[in-house]
Number of protein chains: 2
Amino acid sequence: MSVKIALLGFGTVASGVPFLLKENTEKIVQAAQAEIEIAKVLVKDDAEKERLWVAGHNYPFVTNIDEIIQDPEIEIVVELMGRIEPAKTFITRALEAGKHVVTANKDLLAVHGGELRTLAEKQGLALYYEAAVAGGIPILRTLVNSLASDRVTRILGVLNGTSNFMLTKMVDEGWTYDQALKTAQELGYAESDPTNDVEGIDAAYKAVILSQFAFGMAIDFESVAHKGISNITPEDVAVAQKLGYVIKLVGDVQETPSGIAAEVSPTFLPKEHPLASVNGVMNAVFVESIGIGESMYYGPGAGQKPTATSVMADIVRIARRLKEKTVGKAFNEFSRPLKLALPEDVKSEYYFSINTADRSGMMLQLAEIFNSEEISFKQILQQAADGKQARLVIVTHTMSKTQLENVTKKLAGAADVDVLNIFKVLGE
Amino acid sequence: MSVKIALLGFGTVASGVPFLLKENTEKIVQAAQAEIEIAKVLVKDDAEKERLWVAGHNYPFVTNIDEIIQDPEIEIVVELMGRIEPAKTFITRALEAGKHVVTANKDLLAVHGGELRTLAEKQGLALYYEAAVAGGIPILRTLVNSLASDRVTRILGVLNGTSNFMLTKMVDEGWTYDQALKTAQELGYAESDPTNDVEGIDAAYKAVILSQFAFGMAIDFESVAHKGISNITPEDVAVAQKLGYVIKLVGDVQETPSGIAAEVSPTFLPKEHPLASVNGVMNAVFVESIGIGESMYYGPGAGQKPTATSVMADIVRIARRLKEKTVGKAFNEFSRPLKLALPEDVKSEYYFSINTADRSGMMLQLAEIFNSEEISFKQILQQAADGKQARLVIVTHTMSKTQLENVTKKLAGAADVDVLNIFKVLGE
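Conventions and cut-offs
Residues numbered from 1 in each chain as written. Chains lettered and ligands numbered in written order. Predicted model: local features only at pLDDT ≥ 70, side-chain atom pairs only at ≥ 80, totals over all residues. Heavy atoms only, no water. Patch = residues over 30% accessible without salt bridge, like charges linked within 9 Å, V, L, I, M, F, W, Y side chains within 5 Å. Areas by Shrake-Rupley, 256 points an atom, 1.4 Å probe, with all protein chains shown as cover. Salt bridge = Lys/Arg side-chain N within 4 Å of Asp/Glu carboxyl O. Buried < 20%, exposed > 50% of the residue type's maximum accessible area, 1.4 Å probe, protein only. Helix = DSSP H or I, 4+ residues; strand = E, 2+ residues; numbered from the N terminus. Polar contact = N/O pair within 3.5 Å; in protein donor to acceptor, adjacent residues only side chain to side chain. Contact = heavy atoms within 4.5 Å. Phe/Tyr/Trp six-rings, centres within 6.5 Å; stacked < 30°, edge-to-face > 60°. Least-squares fit on C-alpha atoms with pLDDT ≥ 70 in both. Domains from an automatic or database assignment. Buried area = accessible area lost by both parts, 1.4 Å probe. Pairing = 2+ DSSP bridges. Core = buried A, V, L, I, M, F, W, Y, C linked by side-chain atoms within 4.5 Å. Axes fitted to C-alpha atoms, helices over the stretch in contact; angles between N-to-C directions. Nonpolar A, V, L, I, M, F, W, Y, C, P; charged D, E, K, R; others polar.

Where an unreviewed UniProt entry is consulted, chain A appears under the name Homoserine dehydrogenase, with the organism given as Streptococcus oriscaviae.

S.K.: Explanation requested: a nonpolar patch on the surface in the structure shown.
M.R.: A cluster of nonpolar side chains, Leu187, Tyr189 and Val281 of chain A, forms an exposed patch at the surface whose accessible area comes to about 250 Å². The exposure class of Tyr189 of chain A is partly exposed, given its relative accessible area of 36%.

S.K.: I'm lost on the side chain of Gln403 of chain A in this one. Help?
M.R.: Residue and element names in this part refer to chain A. The topology assignment puts Gln403 in helix H15 (residues 401–413). At 2.9 Å, the side chain of Gln403 forms a polar contact with the backbone oxygen of Glu373. Not counting chain neighbours up to four residues away, the residues in contact with Gln403 comprise Glu373, Glu374 and Ile375.

S.K.: Is there a simple way to explain the packing of aromatic side chains in this structure?
M.R.: Applying the stated criterion across every chain, the model contains 32 aromatic pairs over all chains. Judged by centre distance (5.8 Å) and plane angle (80 degrees), the rings of Phe10 of chain A and Phe61 of chain A are edge-to-face. Here Phe61 of chain A lies in strand S3 (residues 61–62) and Phe10 of chain A lies in the loop between strand S1 (2–8) and helix H1 (16–23), a separation of 51 residues in the sequence. Across the pair, exposure class does not vary: Phe10 of chain A and Phe61 of chain A are buried alike. Judged by centre distance (5.1 Å) and plane angle (85 degrees), the ring pair of Tyr129 of chain B and Phe331 of chain B falls under edge-to-face. Pair noted here: Tyr129 of chain B is in the loop between strand S6 (127–128) and helix H7 (139–145) and Phe331 of chain B is in the loop between helix H13 (304–324) and strand S13 (347–357), with a separation of 202 residues, a long-range link. There is no split in this pair, since Tyr129 of chain B and Phe331 of chain B are both buried. In this structure an aromatic cluster arises from ring pairing among Phe10, Trp53, Tyr59 and Phe61 of chain A.

S.K.: Just checking my understanding: could you explain the environment of Val346 of chain A for this structure?
M.R.: Residues and elements named next belong to chain A. Looking at where Val346 falls in the secondary structure, it is placed in the loop between helix H13 (304–324) and strand S13 (347–357). For Val346, a relative accessible area of 9% gives the class buried. Sequence spacing of Val346 and Ser258 is 88 residues, and the spatial spacing of their C-alpha atoms is 9.3 Å.

S.K.: Can you help me understand the relation of the copies chain A and chain B in this one?
M.R.: Mapping chain A onto chain B leaves a residual RMSD of 0.0 Å; the transformation is a rotation of 180 degrees accompanied by 0.0 Å of translation along its axis. Taken together, these values place the two copies in the relation of a two-fold axis. Measuring from the rotation axis to each C-alpha of chain A, the shortest distance belongs to Tyr297 of chain A, at 2.5 Å. A shared interface surface links the copies, since 100% of the contact residues of chain A are contact residues in chain B too.

S.K.: Is there a simple way to think about the domain arrangement of chain A in this case?
M.R.: Where the parts come together, the accessible area they lose is often given as the size of the interface. All names here are of chain A. You can read the domains of chain A as domain 1 (2–135 + 304–324), domain 2 (139–300) and domain 3 (343–425). The C-alpha centroid of domain 3 is placed 25 Å from the C-alpha centroid of domain 2. Residue-level contacts link 22 residues of domain 2 with 19 residues of domain 3. Together domain 2 and domain 3 conceal approximately 1700 Å² of surface at their shared face, both sides included; 53% is due to carbon and sulfur atoms.

S.K.: Looking at this structure, I do not really get the pairing of strand S11 (residues 282–289) of chain B. What am I missing?
M.R.: When a strand is regular, its side chains alternate between the sheet's two faces. Residue and element names in this part refer to chain B. Burial analysis of S11 places seven of its eight residues in the buried class, the great majority of the element. One ladder, built from six bridges, connects strand S7 (residues 152–158) with S11; its direction is antiparallel. Across the sheet, the residue bridging to Ile155 is Val287, located in S11. A loop of three residues connects S11 with strand S12 (residues 293–300), the two strands running antiparallel in sequence.

S.K.: Would you explain the nonpolar core in this entry?
M.R.: Most often, soluble globular proteins keep nonpolar side chains buried together rather than apart. Membership of the largest hydrophobic core comes to 245 residues, with the highest contact counts inside it found for Ile139 of chain A together with Ile139 of chain B. Setting aside anything within four residues of it in sequence, one finds Ile139 of chain A in contact with Glu130, Val133, Leu210, Val285, Val287 and Tyr297 of chain A. Core analysis: the next-biggest nonpolar cluster, separate from the first, contains 28 residues, Leu156, Val250, Ala276 and Tyr298 of chain A among them.

S.K.: Sorry if this is basic, but what is going on with unusual backbone geometry here?
M.R.: Trans is the common state for peptide bonds, and a negative phi is the common state for residues other than glycine. Across the junction of Glu85 of chain A and Pro86 of chain A, the peptide omega takes the value 5 degrees, indicating a cis bond. In this structure, Pro86 of chain A sits in the loop between strand S4 (74–79) and helix H5 (87–96). The phi torsion at Lys325 of chain B lies on the positive side, around 60 degrees, for a residue other than glycine. Assignment of secondary structure puts Lys325 of chain B in the loop between H13 and S13.

S.K.: Where do I start with the environment of Arg93 of chain B in this structure?
M.R.: The topology assignment puts Arg93 of chain B in helix H5 (residues 87–96). Setting aside anything within four residues of it in sequence, one finds Arg93 of chain B in contact with Ile65, Asp66 and Ile69 of chain B.

S.K.: Teacher, can you tell me more about the pattern of salt bridges here?
M.R.: Close approach of charged atoms allows side chains with opposite charge to pair. All told, the structure shown has 56 salt bridges over all chains when counted by the stated rule. Asp314 of chain A is the partner of Arg141 of chain A in a salt bridge, and the nearest nitrogen-oxygen pair spans 2.8 Å. Highlighted residues: Arg141 of chain A in helix H7 (residues 139–145) and Asp314 of chain A in helix H13, separated in sequence by 173 residues. Just as Arg141 of chain A is buried, Asp314 of chain A falls in that class too. Across the pair Glu73 of chain B and Lys4 of chain B runs a salt bridge, and its minimum N-O distance is 3.9 Å. Pair noted here: Glu73 of chain B is in the loop between helix H4 (66–69) and strand S4 (74–79) and Lys4 of chain B is in strand S1 (residues 2–8), with a separation of 69 residues, a long-range link. Via salt bridges that share partners, Arg154, Asp252, Glu263, Lys401 and Lys424 of chain A belong to a single interconnected network.

S.K.: Just to check I follow, could you spell out the sheet that holds strand S3 (residues 61–62) of chain B for this structure?
M.R.: Across a sheet, paired strands are connected by hydrogen bonds in the backbone, their directions being either parallel or antiparallel. Residues and elements named next belong to chain B. Taken in spatial order, the six strands of this open sheet run S3-S2-S1-S4-S5-S6, and their pairing is parallel. If you trace the sheet from one side to the other, it starts and ends with S3 and S6, each paired once. With two bridges connecting them, strand S2 (residues 35–42) and S3 associate as parallel partners. Note that in S3 the partner of Leu42 across the bridge is Val62.

S.K.: Which parts of the structure should I look at to understand the interface of chain A and chain B?
M.R.: The interface of chain A with chain B comprises 48 residues on the first partner and 48 residues on the second. For the pair chain A and chain B, the two sides together bury roughly 4400 Å², of which 52% comes from carbon and sulfur. Looking at the side of chain A facing chain B, the largest losses of area belong to Lys27, Ser149 and Tyr298 of chain A, adding up to 16% of the total buried there. Seen at the junction of chain A and chain B, the total is six salt bridges. Glu324 of chain A is the salt-bridge partner of Arg321 of chain B, the closest N and O atoms lying 3.5 Å from each other. In this assembly, chain A and chain B are joined by 20 residue pairs in polar contact (both at pLDDT 80 or more). Of all the secondary structure elements, the ones that give two or more residues to the side of chain A that touches chain B are H1, helix H2 (25–32), H7, strand S12 (293–300) and H13 of chain A.

S.K.: Which parts of the structure should I look at to understand the sheet that holds S1 of chain A?
M.R.: All names here are of chain A. Ordered by their spatial adjacency, six strands build an open sheet running S3-S2-S1-S4-S5-S6, and the pairing between neighbours is parallel. At either margin of the open sheet sits one strand with a lone partner, and together these are S3 and strand S6 (127–128). Relative to strand S2 (residues 35–42), S1 runs parallel, the two sharing seven bridges. Bridging across to S2, Ser2 finds its partner in Glu35. Sheet contacts for H13: S1, S2, S4, strand S5 (100–103) and S6; angle to S5, the most-contacted strand, approximately 165 degrees.

S.K.: Before we go on, may I ask you to explain the packing of helix H6 (residues 106–123) of chain A against helix H11 (residues 201–215) of chain A in this structure?
M.R.: Geometry of a packed helix pair, given as the angle between the helix axes and the separation of the axes. All names here are of chain A. At a closest axis distance of 7 Å, the pairing of H6 and H11 adopts a crossing angle of 35 degrees. Mapping the contact onto sequence places Lys106, Asp107, Leu109, Ala110, Val111 and Arg117 in H6 and Asp202, Tyr205, Lys206, Val208, Ile209 and Gln212 in H11. Classifying every residue of the contact of H6 with H11 gives six nonpolar, one polar and five charged.

Structure, rendered in structure tokens:
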């Protein structure tokens, strides 16, 4: 018996699928209890078809999605085109036609996932997307299966390889943001428009999906605050090191007494924290839970073979469930009503980098501002006073988002005070 | 509908099961699609029963295994007594009586796993043991599900929390082995007879189980070479640091052209390697594979709640499969004939710490010995020559086990040469 699949798109990731099918045939057949056959591959046009044939790819390429949707033999549609459209339409049509779907499309799932999941459920079909979060790291299925009896209290993730590569260079080599971006673009890690990667948008998509699996709550993408790495200066990096921290772009989803809070922001991690040594393009998801305690899942966040491996794991799972006649179980069944945390419940330490006039009384003025919000200092570092300007770095004790907002406003209104950067600090 | 389980033993780990059932009721019921009920708990004798009642544990305690085996309502037997007997007999009887089994007993599985798995398969019953390897780290199920389409080429694991705690203290604080052992015993991490932990036996049990899941091969415990940490000196630790390494007790299973090789040994890890920063009682499993590339799974290797979480994940899985009527699928289905690697195919760099007479010509003599086996040097460090004795540290380039054996013999036969220690070095 063989299970016929169709690939939508034949880019980098998709071409990893036949690689795995060929290299690991025996093991895949053992796990799936069926052979997996690539029956059709959707490409853009005849020119692409031609190009792929010339390059030696001997698949039945088609250029019209109908040839896949209307083919009753195809049981699984594997969407690897990315972006919202036409992926959304094609997945919807596949589900409507009774086909199981595997996708790696985090943008789509983060924004329209609810709709697609509802359709799949209504149809009794599988919609799996392990590859959508942290590419090669099997974090979603692990949350479903192995943390089924556990309760997650917080998830911290280095979820974007591009920005992590850049930050690693900024920390290890002292590069500026611009130097790091240029190299990332030259190496093909960053696109010409790097916004999604460097502004935390890509990581925020992943945080949306992680929230569903870890907390059972379907948070809206708009409710995930995101802040990128573009304003991190070499001075911030140097001060972080001096104080025993490493700066990473961290996706953070936690449950507070009032609900969950999700955000992506540059974060000072104590250098002993397991996430602090996740370098280069690697990703990692650090899970805090009441059962296991602390666990971390580390691996490549992108790339042809890692992503294809996650995609293939989904395909194998569906094939096996077809065999067992239990297909249709939702990828993630953990579901609770969404409750968003109140700002006063979301707490952290913070780093403030501030320029002030270099005159007496400035420290008193700042201390009064922080004190008026009941925020106390953990560490203070005065740097580079030149008679005109002084640079002051403050790490606070734990405060809430409400306090943060209030103090930020007051600092913005204070004379001779210029807040350069505010970053979250993970307490030890 | 509720699924009735029986616990064999009510020690540390077992008491974590009711904790999770109580704290995570809703999520567990959602995942299992059934309530899980602790129907009976086997304890040693009336005295223990009395003691547990007084301590407020209100379970139907029994002291005779027959009361569980003969109870037709009990569907899952959870063995948490440890050691070989009577655990083996009880599990065998439970399987013969048609009950599914969950256990955390690595000793038993490493030595008698084949027999028990065959019985479970014959009976069409589940025998799950996620907690047997690296306690709270969900590595076994991840290898089964998420690496189903991948091919593992090597597994490196920090698999024993006790020895890792000790080594961390030896590295970070400069403690001797004896100091570290004493503290580990005071903290309850090491038993009064620490042999299994410090001599690599416990880690070797886990390597046996990992070999089955990662490579599909049922290697015998006797085929896993194991070497412990008791002869590591402060000098070894210091030299490792100077050369850019961290010493860890590492379980290493790899596939070579001729077959698989498994061993547990103190290993010099480059300090940038993800395993090098796994400290204290934490465990981690680092997986090299052709699909994902490099991934790591990190978490607590032992402890009440982490281990109970893995046990509960198994129970939930079985309950769900009972509901779906697909129970009986083997925990690990990946199976190939066992092939052991030839010594000449098992290759590594090595560290030699050698005392020699402090006279001219010694270096030449050593160089000739290594050269005669075609082993070349990567790093040489001469230390502490006092006119009588010189201490020499050599890190070699890659050599095979055959070369290692030959050169070790020649060094043992050489005049004025005393080999203090030989450790494996993971290349960069």
